[in-house]
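An overview of the molecular structure
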Amino acid sequence: FCHLMDGQEAVSVGVEAGITKEDHIITAYRCHGMLLGRGETAARLIAEMMGKATGASKGKGGSMHMSLRKNKFYGGNGIVGAHIPVGTGIAFGISYDKKKEVCVTMYGDGAANQGQLYEAANMALLWKLPIIYLCENNLYAMGTACARATPNTKYYTKLAPIPGIKGDGMNLFAVREIIKFAREWCISGKGPICLELETYRYHGHSMSDPGLSYRSREEIAQVRRERDPIAKVKQIILDNKLATEDELKEIERETRKTVEDVTVQAREAPWPDPEKDLLTDVMAYPDPHPFVRNVEYDKSIFP
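Residues numbered from 1 in each chain as written. Predicted model: local features only at pLDDT ≥ 70, side-chain atom pairs only at ≥ 80, totals over all residues. Heavy atoms only, no water.

**Observations regarding the nonpolar core**
Grouped together as the largest cluster of nonpolar side chains are 30 residues, with contacts concentrated most on Val 15, Ile 132 and Leu 134. Per-element accounting of this core gives the leading share, 6 residues, to helix α7 (residues 172-190). If near-sequence neighbours (up to four positions away) are discounted, Leu 134 is found in contact with Val 15, Val 104, Thr 105, Met 106, Tyr 107, Ile 179, Leu 195 and Leu 197. In this structure, Ile 26, Ile 84, Tyr 107 and Ile 131 belong to the second largest nonpolar core, which totals 22 residues. (Core = buried A, V, L, I, M, F, W, Y, C linked by side-chain atoms within 4.5 Å. Buried < 20%, exposed > 50% of the residue type's maximum accessible area, 1.4 Å probe, protein only. Helix = DSSP H or I, 4+ residues; strand = E, 2+ residues; numbered from the N terminus. Contact = heavy atoms within 4.5 Å.)

Take a look at the structure:
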């Protein structure tokens with residue numbers, strides 16, 4: 001599966017702008033913008049989406065399972081809501097080590113009804129953990145409008161008594177400022193905070209979803225026309241004479257060429273080697289004598 005995030009760029013860029021490289025991020029499977037913000041290359045990202053050995057997860061994770069642990073980005077997780085307790089555990093580790101860091105734990109409006117979110121948040125508040133629970137509300141989860149899935153569509157209030165704030169997830173600068181506030185809240189010892197950033201995805205939930213059975217073409221076109229986060233930033237740049245129209249067009253041309261070039265490289269890259277790679281990256285401390293355990297031990301496969 002491939003879950004595109006076009007339309008939600010202000011969230012990924014704004015979050016990264018509001019924290020530091022010492023802070024931690026964990027998210028669900030619409031993760032590509034966050035991965036780039038943490039320092040991954042476009043070449044390794046696209047190679048991973050094609051399942052190639054040169055990818056961010058060596059071709060083993062695909063679009064939904066990309067991480068960059070050295071830069072404190074823990075994925076890219078495929079099971080809805082299952083990463084939220086992991087993010088809470090990361091925050092517990094930060095607290096245990098008495099560090100001035102936060103963990104931004106991102107989830108969608110669909111995951112906001114998951115029980116594990118509330119169990120994790122309960123512990124976070126008890127222990128005053130430095131965690132930002134960030135709900136990216138793109139209004140439709142997999143394909144169901146918010147009001148049809150929950151009686152409380154004010155997602156920033158759902159973790160009460162954890163304090164919550166709602167912000168404009170289509171405005172890069174609004175996202176940056178709300179994240180900076182939330183970070184300061186957490187590192188000052190006040191405990192967790194819940195943010196809701198209302199945003200919008202232009203494509204369907206995944207590539208198997210046309211995205212038009214629960215909303216209209218006219219609605220999508222209106223959001224693109226009136227609220228597009230990239231167009232907003234472009235207009236601010238032009239209004240303040242920070243760059244010319246021609247300079248911005250040149251940046252766009254260079255970006256498109258980079259994407260085209262690394263896509264060609266990814267297509268030509270090798271596939272993972274089943275014999276060499278099948279048993280790697282499975283255990284944190286690999287067995288010096290690995291084997292594949294069968295139901296009957298004497299029928300196990302010993303390389």
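**With respect to helix α3 (residues 42-49)**
Among the residues of α3, Leu 45, Ile 46, Ala 47 and Glu 48 are the ones counted as buried. Packed against the buried residues of α3 are α2 (32-37) and α10 (245-268). Two residues or fewer after α3 comes Gly 51, characterised by a positive phi angle close to 75 degrees.

**Concerning a nonpolar patch on the surface**
A cluster of nonpolar residues, Phe 92, Tyr 96, Met 123, Leu 126 and Trp 127, forms a patch on the protein surface that exposes about 600 Å² of accessible area. For the nonpolar patch, the secondary structure elements donating two or more residues are α4 (83-96) and α5 (115-127). Considering each element in turn, the nonpolar patch owes the most residues, 3 residues, to α5. Mapping Met 123 onto the fold places it in helix α5. Residue Met 123 is classed as partly exposed on the basis of its relative accessible area of 37%. (Patch = residues over 30% accessible without salt bridge, like charges linked within 9 Å, V, L, I, M, F, W, Y side chains within 5 Å. Areas by Shrake-Rupley, 256 points an atom, 1.4 Å probe, with all protein chains shown as cover. Salt bridge = Lys/Arg side-chain N within 4 Å of Asp/Glu carboxyl O.)

**A word on the packing of α3 against α10**
Packing of α3 against α10 brings their axes to within 9 Å, and their N-to-C directions diverge by 45 degrees. Comparing their axes, α10 and α3 come out oblique. Seen from above, α3 lies across α10 with right-handed handedness. Contact with α3, carried on its side by Ala 42, Ala 43, Ile 46 and Ala 47, involves Val 259, Val 262, Thr 263, Gln 265 and Ala 266 of α10 and no other residues of that element. Classifying every residue of the contact of α3 with α10 by side-chain character gives 7 nonpolar, 2 polar and no charged. (Axes fitted to C-alpha atoms, helices over the stretch in contact; angles between N-to-C directions. Parallel < 35°, antiparallel > 145°, perpendicular 65-115°, else oblique. Left-handed = near helix turned anticlockwise from the far one by under 90°. Nonpolar A, V, L, I, M, F, W, Y, C, P; charged D, E, K, R; others polar.)

**Description of the environment of Glu 136**
Mapped onto the elements of the fold, Glu 136 is located in strand β3 (residues 131-137). For Glu 136, a relative accessible area of 11% translates into the label buried. In sequence terms Glu 136 and Ile 193 are 57 residues apart; their C-alpha atoms lie 14 Å from each other.

**What about the sheet that holds β3?**
Ordered in space as β1-β2-β3-β5-β4, the 5 strands form an open sheet in which the pairing is parallel. The open sheet has two edge strands, β1 (24-26) and β4 (164-168), and neither has a second partner. Neighbour-to-neighbour, the strand axes of this sheet turn through a mean angle of 20 degrees, independent of strand direction. Looking at chain direction, β3 and strand β5 (residues 193-198) are connected through 6 bridges and run parallel. Its bridge partner being in β5, Cys 135 is matched across the sheet by Glu 196. The sheet contacts of α7 involve β3, β4 and β5, and relative to β5 the element is tilted by about 175 degrees. (Pairing = 2+ DSSP bridges.)

Bear in mind that shape data such as this cannot, by itself, settle questions of function.
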